[in-house]
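A look at the structure
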Amino acid sequence: MDVQVANHCGVKSAAKPQSAAECGLENAPKKKSRTRRGRRGKRRRGKKANEPPPFLPPEAEEGNIEYKLKLVNPTQYRFEHLATQLKWRLQEGRGEAVYQIGVEDNGLLVGLTEEDMKASLKTLRRMAEKVGADITLLREREVDCDRARRKIAEVLVRKVPDDQQFLDLRVAVLGNVDSGKSTLLGVLTQGELDNGRGRARLNLFRHLHEIQTGRTSSISFEILGFNSKGEVVNYSDSRTAEEICESSSKMITFIDLAGHYKYLKTTIFGLTSYCPDFAMLVVGANTGIAGTTREHLGLAMALKVPIFIVVSKVDLCGKSTVEKTVRQLERVLKQPGCNKVPMVVANPDDAVTAAQQFAQSSSVTPIFTLSSVSGENLDLLKVFFNILPPLSNSKEQEELMQQLTEFQVDEIYSVPDVGTVVGGTLYSGVCREGDRLVVGPTDDGRFLRLKVCSIHRNRSGCRVLRAGQAATLALGNFDRSLLRKGMVMVSPKMNPTICWQFEAAIVLLFHAKTFRRGFQVTVHVGNVRQTATVECLLGKEELRTGERAVVCFRFLKHPEYLRVGAKLLFREGVTKGIGHVTHLLPSTQNHVPDQNRNQNHS
């Protein structure tokens, strides 16, 4: 059946003869026929290049993608069933679903006539209205079938937010100093193009010296919203972040990180602590791969954060210079260490394809070329962000929410008339206003009781915080001096334990000489950042670049709260390594001063 339809729609059968000899044309002039065949093949290849493939992957039972051959005048019973199915797909995509109209369940592109397509889209719009959602037509493509032009349509269905349950994706912004990271974010979030002298980035800076030098030294957050119809919501339409949150169904939170090498520890902390879903590597078209670009690319890959690339400042260069930078990036991405598949985005259709393939495969790396001054190709990046789906589905989210509360403390503030406020990410569970939690470990290994007075998410009030979301929690008159970055706030039922010493399976990425017992490194595990000493290498005396081992580390200053399986990154000067925590040693085995040991047991 499938083969017949494929042949019927102009898709070649594998059994078709390819050469003159196979067709019984032994006496045909070989040179001419080869030339004609070459020309015909070239024309055929050129024609096929712009057409969609005849098949899509078969429809998956789970996930947020649904195939429908047609939705023409369904009965009331059928309509109710379709609406329930749409609700399920939206739940799977955490508020987003993609419908492919004119496609069979096995992925065959059949297509619909214009009349049937209009009727199907009308039915889909009615279904969306019933479940409280809006639809956006992403693209229509033609399928040449039986000499009649038929169309397939790709439609994004997005639920209107209720109770602040908008979809929130975190994007870490990486790149070398002066590559245009902050300026690009300023243009995206403020809605105004840059003047070529850095006006767009001024609202992002947190310190006077950043404004004076034009260089980011701290971590700042900016938001870009999309409403249920796929339209951009930013500060050009809204006065406050609260208004952006109220109008948006989907939120992109940008984590603006430092590009200068001397702020590398801040950049690593941003990548490990804030749990970004994706990373955007910004490369200046005029400089190419320079400075910390390779370093940042390596960090994102080591932490398994999916990465896409933006080539900025194309207005400063000629076309040949931009192409040279893109080729340079493609070479680096294809190297054995990266094994990525670069995908240059040149039009809206490419942007839609890139967003879908990027989320499905970690090897695909989209590359955008744009300008923050002229606005060239800026809309392609917005289309990409609008369609980009979340990495985790609703089932994984539900499983995390069933666990006990665990909140990572990344920032600490004192706010007038509010008191002590902590910022960070909820790793697991659910946190509500009025919840009583314990925070620690303190320097002497204790956990202290506290109460969550109020919650703010994206600068607006929020009553409930769910796993994976970032927020600030007000703790009232809790003593700020007892808090530090790297602590956790957990449910008292968890009975949290402290850790002075732990084992980790590591890979030594680079070290000038040999890595051995007694060496001190800065260890990054989630929101924990502390100097640790190498106590021993299990089964080995020393390590060289590229070698693997299980290493026992001991913290120098104070105990920490760690999880088995957590990703680990360590550095000291040019020395770098990655790995994961395999075992937490009990406090009786921790070689720490007697006073600390007594306090740990108290």
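Please refer to the structure higher up on the page.
Okay, so let's go over this structure.

Criteria and cut-off values
Residue numbers restart at each chain and count upward from 1, following the sequence in its written direction. Under the rules for a predicted model, residues below a pLDDT of 70 receive no local features and side-chain atom pairs below 80 are neither given nor counted, while totals for whole chains, interfaces and linings still include all residues. Remark: hydrogens and water are excluded; side-chain values derive from all non-hydrogen atoms of the structure. Put simply, DSSP H or I for four residues or longer makes a helix, DSSP E for two residues or longer makes a strand, and each gets a number counted from the N terminus. For every residue, the accessible area (1.4 Å probe, protein chains only) is compared with the maximum for its type, and the residue is labelled buried under 20%, exposed over 50%, or partly exposed between those bounds. Whether two residues are in contact is decided by their heavy atoms: any pair within 4.5 Å suffices. Here the nonpolar core consists of buried residues drawn from Ala, Val, Leu, Ile, Met, Phe, Trp, Tyr and Cys, with membership extended through side-chain atoms lying within 4.5 Å. Here, any two strands with at least 2 DSSP bridges between them count as paired. Axis definition: a line fitted to C-alpha atoms, limited for helices to the stretch in contact. Angles are taken between N-to-C directions and run from 0 to 180 degrees. What makes a salt bridge here is a side-chain nitrogen of Lys or Arg within 4 Å of a carboxyl oxygen of Asp or Glu, nothing more. Two aromatic rings from Phe, Tyr or Trp, using only the six-membered ring of Trp, form a pair when their centres are within 6.5 Å; if the ring planes differ by under 30 degrees the pair is stacked, by over 60 it is edge-to-face, and anything between is tilted. In this analysis the charged atom, NZ for Lys or CZ for Arg, is taken to sit over a ring once it is within 6 Å of the ring centre and within 35 degrees of the ring normal. Patches in this entry comprise residues that are over 30% relatively accessible and not in a salt bridge; like charges within 9 Å are linked, as are nonpolar side chains (Val, Leu, Ile, Met, Phe, Trp, Tyr) within 5 Å. All accessible-area figures derive from a Shrake-Rupley calculation using a 1.4 Å probe, and residue coverage is judged against the displayed protein chains alone. Roughly parallel here means an angle under 35 degrees, roughly antiparallel means over 145, roughly perpendicular means 65 to 115, and every remaining angle is called oblique. Crossings are sorted by hand: turned counterclockwise from the far helix by less than a right angle, the near helix makes the crossing left-handed, and turned clockwise it makes it right-handed.

Overview of the overall build of the chain
The secondary structure content of the chain amounts to 14 helices and 30 strands. In the chain, buried positions account for 51% of the 602 residues. Counting contacts in the chain only where the partners sit at least 6 residues apart, residues at least 24 apart contribute 70% of the total.

Description of the nonpolar core
By size, the foremost hydrophobic cluster in this structure holds 36 residues, and its most contacted members are Phe254, Met280, Phe308, Leu381 and Phe385. Residues within four places of Phe254 in sequence aside, it is in contact with Val171, Val173, Leu185, Leu188, Thr189, Ser220, Phe221, Glu222, Leu224, Met280 and Phe385. One finds Leu174, Val283, Ala300 and Cys338 within the second-largest nonpolar core, a separate group that totals 33 residues.

So, the sheet that holds strand β7 (residues 232-233)
On the basis of which strands lie adjacent, the open sheet formed by 8 strands has the order β7-β6-β8-β5-β9-β10-β12-β11 and mixed pairing. Since the sheet does not close on itself, it has two edges, and those belong to β7 and β11 (341-344), each with one partner. Two strands pair when backbone bridges link them, and β11 and strand β12 (residues 364-369) are joined in this way by 4 bridges, in the parallel orientation. Within β12, the residue paired with Pro342 across the bridge is Thr365. Where helix α9 (residues 293-302) meets the sheet, its contacts fall on β5 (167-175), β9 (278-284) and β10 (307-312), and the angle it forms with β9 comes to roughly 170 degrees.

Here we look at the pattern of salt bridges
Applying the stated criterion across every chain, the model contains 19 salt bridges. For Asp443, the salt bridge goes to Arg484, with nearest N and O atoms at 4.0 Å. Within this pair, whereas Asp443 is found in the loop between β16 (436-440) and β17 (448-451), its partner Arg484 is found in the loop between β21 (470-474) and β22 (488-490), the two being separated by 41 residues in sequence. The class for Arg484 is buried, based on a relative accessible area of 14%. A salt bridge links Glu542 to Arg516; its shortest N-O distance comes to 2.6 Å. A residue pair is termed long-range when its members are at least 10 positions apart, and Glu542 in strand β27 (residues 542-543) and Arg516 in strand β24 (residues 515-516) qualify at 26 residues.

Here's the deal with unusual backbone geometry
With an omega of -5 degrees, the peptide bond between Gly440 and Pro441 qualifies as cis. Relative to the assigned elements, Pro441 resides in the loop between β16 and β17. In this structure, Cys275 takes a positive phi of about 50 degrees despite not being glycine. Here Cys275 lies in the loop between α8 (264-273) and β9. Its identity is not glycine, yet Asp417 carries a phi of approximately 65 degrees, on the positive side.

Brief notes about the packing of aromatic side chains
Under the defined criterion, the tally for this structure stands at 16 aromatic pairs. Taken together, Phe254, Phe278, Phe308, Phe358, Phe368, Phe384 and Phe385 form an aromatic cluster joined through their ring pairs. It is Arg126 that lies over the ring of Phe79; its NZ or CZ is 4.3 Å from the centre.

Regarding the sheet that holds β17
Backbone hydrogen bonds hold the strands of a sheet together, and the pairing may be parallel or antiparallel. The antiparallel open sheet is built from 8 strands, whose spatial order is β17-β16-β22-β13-β14-β21-β18-β19. Each of the sheet's edge strands pairs with one partner strand only, and the pair in question is β17 and β19 (460-462). Taken over all neighbouring pairs, the strand axes of this sheet differ in orientation by 40 degrees on average, direction set aside. Pairing of strand β13 (residues 406-415) with strand β14 (residues 419-428) involves 9 bridges; the strand directions are antiparallel. Directly across from Glu406, in β14, lies its bridge partner Ser428.

Notes on a nonpolar patch on the surface
Nonpolar side chains collect at one region of the surface, where Tyr413, Val415 and Val418 lie side by side and expose about 210 Å² of accessible area between them. Looking at where Val415 falls in the secondary structure, it is placed in strand β13.

Let's talk about the environment of Leu400
With respect to the helices, strands and loops of the structure, Leu400 is situated in helix α13 (residues 394-402). For Leu400, a relative accessible area of 27% gives the class partly exposed. Excluding residues that lie within four positions of it along the chain, Leu400 makes contacts with Tyr427, Ser428, Gly429 and Ala467.

Quick word on the side chain of Thr136
The topology assignment puts Thr136 in strand β3 (residues 133-145). On the basis of relative accessibility, which here comes to 16%, the residue Thr136 falls in the buried class.

Points about the pairing of strand β26 (residues 528-538)
As paired strands, strand β25 (residues 520-525) and β26 are joined by 6 bridges and run antiparallel to one another. Across the sheet, residue His524 finds its bridge partner in β26, namely Arg529.

Remarks on the pairing of strand β2 (residues 96-101)
Within a regular strand, side chains alternate between the sheet's two faces. Of all 6 residues in β2, 6 are buried; the element is thus mostly enclosed. Neither face of β2 is left uncovered, since the one carrying Glu96, Val98 and Gln100 and the one carrying Ala97, Tyr99 and Ile101 both have all their residues buried. Judged from the 6 bridges that link them, β2 and strand β4 (residues 148-159) form a sheet pairing that is antiparallel. What sits directly across from Gln100, in β4, is Glu154.

Some remarks on the packing of α8 against α9
As a packed pair, α8 and α9 sit with axes 11 Å apart at the nearest point and diverge in direction by 25 degrees. By the angle class used here, α8 and α9 are roughly parallel. Helix-helix and strand crossings are classified by hand; for α8 and α9 the assignment is right-handed. Counting all contacts with α8, which are made through Leu264, Thr267, Ile268 and Leu271, the residues of α9 involved are Glu295, His296, Leu299 and Ala300.

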